[in-house]
Amino acid sequence: MFFQKMSVPVQSTVTISSFLGLDRRARGELGSFREMENLTSDGYPTLTVRPRRGLAGQVESPGGIAAKDALIWVDGHTLYIGGVATELVLTEGSKQLIGMGNWLIVWPDKKYINTGDLSQHGSLENRVQTQGQVTLSLCGAKGAALGDYLVSEEPPADPAGGCLWLDTTGEIPVLRQYGESGWSIREDTYVKIAAGGIGVGFTAGDGVVIEGCREESINGSHVLEAAEDGSLVVPGMIASQVTQTEEMTVRRSVPEMDFVIESGNRLWGCKYGVVDGKAVNEIYASKLGDFKNWNCYAGRSTDSYVATRGSDGPFTGAADYLGSPLFFKEDCVERVYPSAAGAHQIVTVRCPGVRKGSGRSLQTVEGVLYYHGCGGVYAFDGSMPQRVSQALGEDEYHGAVAGGADGKYYLSVLDTENQPQLLVYDVRQGLWHREDDLRAVGFAVSGGVLYAMTGAGDILALKGGGTVQEEPVVWRAETGELGLDSSEGKYLVRLSLRLRPEEGSTVRAAVSYDEGETWQEQGGVTGSGRLRDCVLHVRPRRCRRLRLRIYGVGGCRVYSLTAVYEKGSDGP
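In short, a report on the structure.

What counts, and where the lines are drawn
- Residues numbered from 1 in each chain as written.
- Predicted model: local features only at pLDDT ≥ 70, side-chain atom pairs only at ≥ 80, totals over all residues.
- Heavy atoms only, no water.
- Helix = DSSP H or I, 4+ residues; strand = E, 2+ residues; numbered from the N terminus.
- Rg over C-alpha atoms; globule rule 2.2 N^0.38 Å.
- Buried < 20%, exposed > 50% of the residue type's maximum accessible area, 1.4 Å probe, protein only.
- Contact = heavy atoms within 4.5 Å.
- Areas by Shrake-Rupley, 256 points an atom, 1.4 Å probe, with all protein chains shown as cover.
- Lys, Arg positive; Asp, Glu negative; His and termini not counted.
- Charge placed at Lys NZ, Arg CZ, Asp CG, Glu CD.
- Phe/Tyr/Trp six-rings, centres within 6.5 Å; stacked < 30°, edge-to-face > 60°.
- Lys NZ or Arg CZ within 6 Å of the ring centre and 35° of its normal.
- Disulfide = S-S within 2.5 Å.
- Salt bridge = Lys/Arg side-chain N within 4 Å of Asp/Glu carboxyl O.
- Pairing = 2+ DSSP bridges.
- Axes fitted to C-alpha atoms, helices over the stretch in contact; angles between N-to-C directions.
- Core = buried A, V, L, I, M, F, W, Y, C linked by side-chain atoms within 4.5 Å.
- Polar contact = N/O pair within 3.5 Å; in protein donor to acceptor, adjacent residues only side chain to side chain.

Observations concerning the overall build of the chain
Right, so step 1: Scanning the chain for helices and strands turns up 0 helices and 53 strands.
Right, so step 2: Taken over the C-alpha trace, the chain has a radius of gyration of 34 Å; the compact-globule value for 572 residues is 25 Å, which it surpasses by more than 25%.
Right, so step 3: Summarising its shape, the C-alpha atoms of the chain cover approximately 150 × 45 × 40 Å along the three principal directions.
Right, so step 4: By residue count, 50% of the 572 residues in the chain fall in the buried class.
Right, so step 5: Nonlocal contacts in the chain, meaning residues at least 24 apart in sequence, comprise 59% of its contacts between residues at least 6 apart.
Right, so step 6: Summing over all exposed atoms, the chain offers an accessible surface of approximately 26,900 Å²; the carbon and sulfur share of this is 47%.
Right, so step 7: Of note, the chain has its 56 positive side-chain charges centred 12 Å away from the centre of its 71 negative side-chain charges.

What follows is the structure, given as structure tokens:
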């Protein structure tokens, strides 16, 4: 008797050996994961658990973090540089910390400090109000005495060489000096203002505003020719010495600004809103090499700068990129083209800008500027921004804060339910990974290490270091629907994982047949520290599609995932 031979079901194998990170689109790339936690591209093309973090410090009231020669942070009213508390007293709240040479500027407090000599600190602004007698007199450059001169409408009858005559014929007096060619106007004529303490906090070259002077021509804006504790020298002319006891005010002011950056040895800033009852939509620049002065207009290339803009809406962020200050709004960027002659130009480029509230997301990584806009995350290389966050799907985020190191863009965001997420974009591989729910208020790189200041007050070294190491990392990775790639009737027979868990680490697998509503355990392994094939042969029930979850505690590297399919019927 002969029996009919049974045919062996035709099997097909699909092996994934390159894991492509996070992809939340309806149909992600093969090798990607729809959800994940605490994974990294460090071991690409393998799937790798992120390094354990280190605790580098803690603060009670986090206000900001930066780095120069050492790590810098704000805790409440105190600024710390390299762990040393400075004498600079700040207001409570979030700060912008801007470096300019050896100096650090704290905004919006308008304070500065020398990071190399912590005893040098103060305020960008200065205001002096006189008490007692104030004397105004003519002087030469730097306050030098002029000597005797005649004040009259007629010149001296028999002048000698070098003789001075204050000509009062016109409405504005003119000081003339006699020489070989007769009477000529003396150009280096200034007004010296002498009063107790009037020059304290000022230096030559400061742009100031004077108010309350009896001599009306002195009131207004001036650039100081010289400054000492008891006197100031300003350009001007008076007919005779003036003395008053009324209060006179001299002030050096800095405009209110939404964002401040450093570019080309100047500070640049922007403001949109109402200031002193006046609508403002302007971009500003400090005097070249002088972050204290924003009102110096002497006709030089080093002068301060201000320009009114025509684009609508508030500024949402600012950055220095390729030597150009960039000021973003949600739908455009105001790009400044600095000029060595001082004739700066600004061009408005209509493009996706920075989302409101995400001004701290601007970060340059590998020579490209990345930021969070209304449509996602964009990369700007100097031409037009290109979106790079397609893999994040349709999720909306806000309140983005970013940092960059080792070719990665770290983005701390809040989702629509205000839940935090730390997303990492590997700019070299073009891959996204999700770490965890860390909420950062700032990032800084010091000594090649990326630090994050959290909203809870921890200062974390994101790749280890510090005084305390994190506990073994809890991680997971979930695929999308497996089995939707073929039009043929196939069902999944087996899944095999090849991985290397660290010694003592655990790895488990689970499957879901109902789009992630429930999960069924499929077994697990404990790491011995050596490479092994996890014949975690996951054998699901016969189905057209399923989701796979891999999860564990401790370090692990997954090398490949193999799926074995058998042909089935073409029915539903």
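Structure's up, so let's keep going.
Let's talk about the packing of aromatic side chains
Right, so step 1: Under the counting rule described, the total for this entry stands at 15 aromatic pairs.
Right, so step 2: Look at Phe-19 and Phe-33: their rings are 5.9 Å apart centre to centre, the planes differ by 20°, and that puts the pair in the stacked class. Residue Phe-19 is located in the loop between β1 (11–16) and β2 (35–37), and its partner Phe-33 is located in the loop between β1 and β2; the two are separated by 14 residues in the primary sequence.
Right, so step 3: Assessed through its relative accessible area of 2%, Phe-19 is described here as buried.
Right, so step 4: Ring centres of Trp-103 and Tyr-112 lie 5.6 Å apart, and the angle between their planes is 70°; on these two criteria the pair is classed as edge-to-face.
Right, so step 5: Accessibility expressed as a relative area gives 10% for Tyr-112, which makes it buried.
Right, so step 6: Here the aromatic cluster, defined as three or more aromatic residues joined through ring pairs, consists of Tyr-370, Tyr-409, Tyr-425 and Trp-432.
Right, so step 7: If you follow Arg-549 out to its NZ or CZ, it ends over the ring of Trp-519, 4.2 Å from the centre.

Some points on the state of the cysteines
Right, so step 1: As enumerated under the stated definition, the model contains 0 disulfides in all.
Right, so step 2: The structure places no disulfide on Cys-139, whose sulfur is separated from the nearest cysteine sulfur, that of Cys-213, by 14 Å.
Right, so step 3: Cys-139 gets classed as buried once you look at its relative accessible area, which sits at 2%.

What about the pattern of salt bridges?
Right, so step 1: This structure, assessed with the given rule, holds 29 salt bridges.
Right, so step 2: Where Glu-125 meets Lys-110, a salt bridge forms, and the shortest distance between an N and an O atom there is 3.4 Å. Residue Glu-125 is found in the loop between β13 (117–123) and β14 (126–129), and its partner Lys-110 is found in the loop between β11 (103–107) and β12 (111–114); the two are separated by 15 residues along the sequence.
Right, so step 3: Owing to a relative accessible area of 5%, Lys-110 belongs among the buried residues under this scheme.

Some remarks on the pairing of strand β49 (residues 506–512)
Right, so step 1: Counting buried residues in β49 gives 5 out of 7 residues, a clear majority hidden from the surface.
Right, so step 2: Looking at chain direction, β49 and strand β50 (residues 520–526) are connected through 6 bridges and run antiparallel. Note that in β50 the partner of Ala-510 across the bridge is Glu-521.
Right, so step 3: As judged from the 7 bridges shared by β49 and strand β52 (residues 547–553), these two strands associate in the antiparallel manner. For Ala-510, the partnering residue across the bridge sits in β52 and is Arg-549.

A word on the pairing of β12
Right, so step 1: With 4 bridges joining them, β11 and β12 adopt antiparallel strand pairing. Of the residues in β12, the one forming a bridge with Val-106 is Lys-111.
Right, so step 2: Connecting the antiparallel pair β11 and β12 is a turn made up of 3 residues, with Lys-110 showing a positive phi of about 60°.
Right, so step 3: Taking the residues between adjacent antiparallel strands as the criterion, β12 and β13 are bridged by 2 residues.

A closer look at the sheet that holds strand β19 (residues 182–185)
Right, so step 1: In space, the 4 strands of this open sheet follow the order β16-β17-β18-β19, with mixed pairing throughout. At either margin of the open sheet sits one strand with a lone partner, and together these are β16 (150–152) and β19. Here the strands of the sheet are splayed against their neighbours by 30° on average, with no regard to which way each runs.

Topic: the nonpolar core
Right, so step 1: Core analysis: the largest hydrophobic core is formed by 47 residues, its most contacted members being Tyr-370, Tyr-409, Leu-411, Trp-432 and Leu-548.
Right, so step 2: The element that contributes the greatest number of residues to this core is strand β53 (residues 556–567), accounting for 5 residues.
Right, so step 3: Counting 25 residues, the second largest nonpolar core, distinct from the first, contains Leu-166, Val-191, Val-208 and Leu-232.

Thoughts on the sheet that holds β52
Right, so step 1: Spatial strand order, β2-β47-β52-β49-β50: 5 strands in an open sheet with antiparallel pairing. The outermost strands of the open sheet, each flanked by one partner alone, are β2 and β50. The sheet shows a mean angle of 15° between the axes of neighbouring strands, direction not considered.

Examining the side chain of Glu-478
Right, so step 1: Here Glu-478 shows up in strand β47 (residues 474–478).
Right, so step 2: Within the structure, the side chain of Glu-478 is placed 2.7 Å from the side chain of Arg-549, a separation counted as a polar contact.
Right, so step 3: Apart from the residues within four sequence positions on either side, Glu-478 is in contact with Phe-33, Arg-34, Glu-35, Trp-519, Leu-548 and Arg-549.

Things to note about unusual backbone geometry
Right, so step 1: Omega for the bond connecting Tyr-44 with Pro-45 falls within 30 degrees of zero, at 15°, which places this linkage in the cis form.
Right, so step 2: Examined against the element boundaries, Pro-45 turns out to sit in the loop between β3 (39–40) and β4 (47–49).
Right, so step 3: Between Trp-107 and the following residue, Pro-108, the backbone shows a cis peptide bond with an omega angle of 10°.
Right, so step 4: Relative to the helices and strands, Pro-108 resides in the loop between β11 and β12.
Right, so step 5: The phi angle at Glu-366 is positive, at roughly 55°, despite the residue not being glycine.
Right, so step 6: In this fold, Glu-366 is placed in the loop between β35 (363–365) and β36 (368–373).
Right, so step 7: Even without glycine at this site, Asn-418 takes up a positive phi of about 60°.
Right, so step 8: Mapped onto the secondary structure, Asn-418 falls in the loop between β40 (408–414) and β41 (420–426).

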